[in-house]
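# Close look at the chain arrangement
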Amino acid sequence: MNIKVKKHFLIYLGYKLKCCIGKSGISSLKKEGDLSTPKGTFGLGLLYYRKDRVKLPKCKLPKKIIKKNTGWCDDSRSKKYNREITLPSKFSAEKLYRKSKIYDLLIHIKYNHTPVIKKKGSAIFLHLTGKTNKPTKGCIAISKKDFLKILPLLNKKTKISIS
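The shown structure was predicted, so the numbers you read here are calculated from the model rather than taken from an experiment.

## Here's the deal with the overall build of the chain
Secondary structure summary: the chain contains 1 helix and 14 strands in total. In terms of overall size, the chain behaves like a compact globule, its C-alpha atoms giving a radius of gyration of 15 Å where 163 residues would be expected to give roughly 15 Å. Taken along its principal axes, the extent of the C-alpha atoms in the chain is 45 × 35 × 30 Å. Expressed as a percentage of its 163 residues, the buried residues of the chain come to 47%. A fraction of 59% describes how many contacts in the chain between residues 6 or more apart in sequence connect residues 24 or more apart. Here the chain has roughly 9,100 Å² of accessible surface; of this, 55% comes from carbon and sulfur atoms. Between the centroid of the 41 positive side chains of the chain and the centroid of its 9 negative side chains there is a distance of 6 Å.

## Focus: the sheet that holds strand E9 (residues 84-86)
With antiparallel pairing, 3 strands are arranged side by side in an open sheet as E9-E8-E10. Each end of this open sheet is capped by a strand with a single partner; those strands are E9 and strand E10 (93-95). Along the sheet, successive strands turn relative to each other by an average axial angle of 40 degrees, direction set aside. Across 3 bridges, the pairing between strand E8 (residues 70-73) and E9 is antiparallel. Residue pairing in the sheet places Gly71 in a bridge with Ile85 of E9.

## What about the pattern of salt bridges?
For the structure shown, the criterion picks out 7 salt bridges. Its salt-bridge partner being Arg53, residue Asp104 comes within 2.8 Å of it at the nearest N-O pair. Taken together, the residues span a long stretch of sequence, with Asp104 in the loop between E10 and strand E11 (105-109) and Arg53 in the loop between strand E6 (40-49) and strand E7 (63-65) at a distance of 51 residues. On the basis of relative accessible area, Asp104 is assigned to the buried category, the value being 3%. Residue Lys64 is joined to Glu84 by a salt bridge in which the shortest nitrogen-to-oxygen separation is 2.8 Å. Pair noted here: Lys64 is in strand E7 and Glu84 is in strand E9, with a separation of 20 residues, a long-range link. Exposure remark for Lys64: the relative accessible area of 35% places this residue in the partly exposed category.

Rules and cut-offs
Residues numbered from 1 in each chain as written. Predicted model: local features only at pLDDT ≥ 70, side-chain atom pairs only at ≥ 80, totals over all residues. Heavy atoms only, no water. Helix = DSSP H or I, 4+ residues; strand = E, 2+ residues; numbered from the N terminus. Rg over C-alpha atoms; globule rule 2.2 N^0.38 Å. Buried < 20%, exposed > 50% of the residue type's maximum accessible area, 1.4 Å probe, protein only. Contact = heavy atoms within 4.5 Å. Areas by Shrake-Rupley, 256 points an atom, 1.4 Å probe, with all protein chains shown as cover. Lys, Arg positive; Asp, Glu negative; His and termini not counted. Charge placed at Lys NZ, Arg CZ, Asp CG, Glu CD. Pairing = 2+ DSSP bridges. Axes fitted to C-alpha atoms, helices over the stretch in contact; angles between N-to-C directions. Salt bridge = Lys/Arg side-chain N within 4 Å of Asp/Glu carboxyl O.

Put into structure tokens, the structure is as follows:
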């Protein structure tokens, strides 16, 4: 069963959860830095989490602890573009270990994944909303309470459909 994202709702197995999407809406022509959420159906990658802040429920997704030097390359000049990297890096990268709690739990959405196409967009995640439900830079964000509700129901075969 796929997760469905339509406008400002994430729908999965009977749950209809409020979500935030990219500031520029949903686009089938996603480009790096355009603030849009990519349209399409994508697999889910690793679940990343802050072990110091989150007690994980049972989960069937492969997991990885976010360390202080965990990053995600968003620089299309790099061979590691749209991949997890170790910081510091000479290339531009998103820092996953943050003061804000939006990346305490995140799942990589396999957009522009295989093959990776330069400048097509990177670092697309399902992550937590901040204190205010502001639009994202292209990711999908839900509350921590809602994330923890659906997390035990997800597995490696789960896909996300964004329309």
